Amino acid sequence: MEILKFEKGPKAVGPYSSAVKVGNLIFFSGILPIDPESGELVNDSVEHATEQILKNLSLMLSEVGLSLKNVVKTTIFTTKLDEFAKINEVYQKHFEAITKDFPARSTVGVASLPKGALVEMEFIVEA
Ligand SMILES: C=C(N)C(=O)O
């Protein structure tokens, strides 16, 4: 097992690693919609939150020479499952820009998330 550390993307907000590599798989912790430049939570809409999370993931993936194309599984957590269609729209746009094959995915509606975020996503990526 190898702990991955990234220059870009948001820093962990608790006692966890941003990502851990085991064999050829990288397990990303739940990514919050934090703007890594400002450190601010992007939480004005689920669309912007989703956008920020996928940007954060892409930044970290680019550091290890990977992209959204390498994502094999996503788990989405949201406090706004009633706005699922909006999350889907942004999610689809980002993946379709780079691949025609979507990763496997689960989506879960939750009561609350760290920092009061509207959306959090975790990813498993093939390296
Ligand atoms: C934000 C997280 N991934 C956490 O607290 O576990």
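For clarity, every value in this text was computed on a predicted model and none was experimentally measured.

Visitor: Looking at this structure, how should I read the pattern of salt bridges?
Guide: Two side chains with opposite charge may pair up if their charged atoms get near one another. Scanning all chains against the criterion turns up two salt bridges. Residue Lys93 is joined to Glu51 by a salt bridge in which the shortest nitrogen-to-oxygen separation is 3.7 Å. In this pair, Lys93 sits in helix H2 (residues 84-96) while Glu51 sits in helix H1 (residues 46-63), placing the two residues 42 residues apart along the sequence. Its relative accessible area of 48% is what places Lys93 among the partly exposed residues.

Visitor: What is the right way to look at the pairing of strand E3 (residues 25-31) in this model?
Guide: In regular strands, side chains alternate between the two faces of the sheet. By the criterion of burial, E3 is predominantly enclosed, with five of the seven residues buried. Looking at chain direction, strand E2 (residues 19-22) and E3 are connected through four bridges and run antiparallel. The partner of Val20 across the bridge, within E3, is Phe27. Taken together, E2 and the strand that follows it, E3, pair antiparallel across an intervening segment of two residues, in which Gly23 is found at a positive phi of about 60°. Here E3 runs beside strand E6 (residues 119-126); their pairing, made up of five bridges, is antiparallel. Paired with Phe28 across the two strands is Phe123, which belongs to E6.

Visitor: Is there a simple way to think about H1 in this case?
Guide: Structural remark: α-helix, 3.6 residues per turn; residues separated by three or four positions point the same way. Between the first and last C-alpha of H1 there are 26 Å, a value that for 18 residues agrees with the 26 Å anticipated at 1.5 Å per step. Considered for burial, the residues of H1 that qualify are Val46, Ala49, Thr50, Gln52, Ile53, Leu54, Asn56, Leu57, Met60 and Leu61. Contacts made by the buried residues of H1 are with E3, strand E4 (71-78), H2 and E6. Immediately downstream of H1, the backbone of Gly65 shows phi near 75°, a positive value.

Visitor: Hey, could you run me through the nonpolar core in this one?
Guide: Within soluble globular proteins, side chains that are nonpolar generally end up buried alongside one another. Among the nonpolar cores identified, the biggest contains 25 residues, and Phe28, Val119, Met121 and Phe123 are the most heavily contacted of them. Mapped by element, the contributors of at least two residues to this core are E3, H1, E4, H2 and E6. A total of seven residues in this core trace back to one element, the largest contributor, which is H1. If we ignore the near neighbours within four places in the chain, the residues touching Phe28 are Phe6, Ser18, Ala19, Leu57, Met60, Leu61, Glu122, Phe123 and Val125. If you look at the next biggest cluster of nonpolar residues, it comprises five residues, including Leu32, Ile34, Phe77 and Leu113.

Basis of the calculations
Residues numbered from 1 in each chain as written. Predicted model: local features only at pLDDT ≥ 70, side-chain atom pairs only at ≥ 80, totals over all residues. Heavy atoms only, no water. Salt bridge = Lys/Arg side-chain N within 4 Å of Asp/Glu carboxyl O. Helix = DSSP H or I, 4+ residues; strand = E, 2+ residues; numbered from the N terminus. Buried < 20%, exposed > 50% of the residue type's maximum accessible area, 1.4 Å probe, protein only. Pairing = 2+ DSSP bridges. Expected span 1.5 Å × (residues − 1). Contact = heavy atoms within 4.5 Å. Core = buried A, V, L, I, M, F, W, Y, C linked by side-chain atoms within 4.5 Å.

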